[in-house]
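Observations on the three-dimensional arrangement
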Amino acid sequence: VSQSRYNPSYPLKLAASPTVSAWVSASAGTGKTKVLTDRLLNLMLSGYDPGKILCLTFTKAAAAEMQTRLFQRLGVWIQMTDDELTASLLDLWEGDITPDLMNRARSLFTELLDLPGGIKIQTIHGFCQSVLGRFPLEAKIPAQFSIVDDTQASQILRRTTAKALKEKASDHGDLFDLMATHYKDQSFTSALGSILCYRDWETDA
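Residues numbered from 1 in each chain as written. Predicted model: local features only at pLDDT ≥ 70, side-chain atom pairs only at ≥ 80, totals over all residues. Heavy atoms only, no water.

1. With respect to the confidence of the model for the protein chain
Selection rule: Each residue gets a pLDDT score, which is the predictor's confidence in that residue and runs from 0 to 100. Working definition: helices are DSSP H or I runs of at least four residues, strands are E runs of at least two. Numbering for both runs from the N terminus. Contact definition: two residues touch when any of their heavy atoms are within 4.5 Å.
When pLDDT is averaged along the protein chain, the result is 81, and 76% of the positions lie at 70 or above. The secondary-structure element of the protein chain with the lowest mean pLDDT is helix H10 (residues 188–196), recorded at 65, while helix H5 (residues 99–113) shows the highest, at 94. Residue range residues 1–8 is modelled with pLDDT below 50. Its contacts to residues more than four positions away, or to other chains, number 2 contacts. Counting interchain partners and residues more than four positions distant, the pLDDT-below-50 stretch residues 201–205 has 0 contacts.

2. Quick word on the pairing of strand E1 (residues 54–57)
In regular strands, side chains alternate between the two faces of the sheet. Applied cut-off: Each residue is placed in one exposure class: buried if its accessible area under a 1.4 Å probe, protein chains only, is under 20% of its type's maximum, exposed if it is over 50%, and partly exposed if it falls in between. Strand pairing is defined by DSSP finding a minimum of two bridges between the two strands.
A one-sided burial pattern is seen for E1, the buried positions being Cys55 and Thr57 and the unburied ones Leu54 and Leu56. As judged from the 4 bridges shared by E1 and strand E2 (residues 120–123), these two strands associate in the parallel manner. Bridge pairing in E2 places Thr57 opposite Thr123.

3. Some remarks on the side chain of Asp38
Among the secondary structure elements, Asp38 is positioned in helix H2 (residues 32–45). Those residues in contact with Asp38, other than ones at most four positions away along the chain, are Ala16, Arg73 and Leu92.

4. Re unusual backbone geometry
Peptide bonds are trans in most cases, and residues, glycine excluded, mostly fall at negative phi. Positive phi values are uncommon outside glycine, yet Lys140 reaches one of about 60°. Its place among the elements puts Lys140 in the loop between helix H7 (136–139) and helix H8 (150–168).

5. Overview of H2
Count 3.6 residues to each turn of an α-helix, and residues three or four apart come out pointing the same way. To be explicit about the condition: Working rule for helices: expected span equals 1.5 Å times residues minus one.
The end-to-end C-alpha distance of H2 is 20 Å, a good match for the 20 Å that 14 residues give at a rise of 1.5 Å each. Taken residue by residue, H2 has Val35, Thr37, Asp38, Leu40, Leu41, Asn42, Leu43, Met44 and Leu45 as its buried positions. Of the residues trailing H2, Gly47 is marked for its positive phi of about 105°.

6. Thoughts on a nonpolar patch on the surface
Quick note on the threshold: By definition, no residue in a patch forms a salt bridge, and every one has over 30% relative accessible area; like charges are joined within 9 Å, nonpolar side chains (Val, Leu, Ile, Met, Phe, Trp, Tyr) within 5 Å. Only the protein chains shown count as cover for residues, and all accessible areas are computed by the Shrake-Rupley method using a 1.4 Å probe. For this analysis, a salt bridge means a side-chain nitrogen from Lys or Arg found within 4 Å of a carboxyl oxygen belonging to Asp or Glu.
A cluster of nonpolar residues, Leu54, Leu56, Phe58 and Ile124, forms a patch on the protein surface that exposes about 400 Å² of accessible area. Among the structural elements, Phe58 can be located in the loop between E1 and helix H3 (60–79).

7. Section: the nonpolar core
Condition: Definition used in this section: a nonpolar core is a set of buried Ala, Val, Leu, Ile, Met, Phe, Trp, Tyr and Cys residues joined via side-chain atoms within 4.5 Å.
Counting 23 residues, the largest nonpolar core has Leu40, Met44, Leu45, Leu70, Trp77, Leu89 and Ile121 as the members making the most contacts within it. Looking at this core, the elements with two or more residues in it are H2, H3, helix H4 (82–90) and H5. Residues in contact with Trp77, not counting those within four places in the same chain, are Leu41, Leu45, Leu85, Ser88, Leu89, Leu92, Ala105, Arg106 and Leu108.

8. Some thoughts on the environment of Thr86
Structurally, Thr86 is set in helix H4. Residue classification places Thr86 among the partly exposed residues on the basis of a relative accessible area of 24%. In this structure the C-alpha to C-alpha distance between Thr86 and Pro99, which are 13 residues apart in sequence, comes to 9.6 Å. In contact with Thr86, other than residues within four places in its own chain, are Ile97 and Met102.

9. Quick look at the environment of Leu70
Checked against the element boundaries, Leu70 lands in helix H3. Judged by relative accessible area, which is 0%, Leu70 ranks as buried. A sequence separation of 32 residues divides Leu70 from Asp38, and the C-alpha atoms of the two residues are 8.5 Å apart. Each residue touching Leu70, except ones within four places of it in the same chain, is listed here: Thr37, Leu40, Leu41, Met44, Leu112, Ile119 and Ile121.

10. Some points on the pattern of salt bridges
Any two side chains of opposite charge can pair, given that their charged atoms come close. One pass over the structure, following the stated rule, counts 5 salt bridges. One salt bridge connects Glu65 with Arg69, and the closest N-O pair in it is separated by 2.7 Å. Separated by 4 residues within a single helix, Glu65 and Arg69 lie in helix H3, roughly one turn from each other. Given a relative accessible area of 35%, Glu65 falls into the partly exposed group.

This is the structure in structure tokens:
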């Protein structure tokens, strides 16, 4: 494609097309979230059931940001005139802007609000938790399990550490000598955490 005819937005529009399998690699602030939001909008405009679309992110902040942008776009579409909506859809949609497409665009905001459970924009961890919650027997976990957060994990580690020290300190003095030698620049808690990172090395000797 010649430079005079090249549209700089074309790669982003292509990546946002639901007919294309795309891998987007870019630094922060370059528009990755916009591409993902555009792709999600294109899927829904194409007639896909929003309740059957799953979006996964790495962080809760990213999931919240994507959901916020999605509803902002849909809310703006409701208030646009026909000409404004046509211009907005031209930056997103690959095909013709038809009256049916415009009606679909204006109805999505209400459709998502009425969606049981809302649009599924989750973190990978949240999605895995929901799967485990549906199949606890297969996963061999309690049916009413809960996820331990970082604060709870830290408290459990401190309690367990104190209990272990009280029960085993007299029998494992050599271990504390070893820790003092190799972890002299760390606190005891930090050193213990480093050791636990390699607990798979333990054997049943």
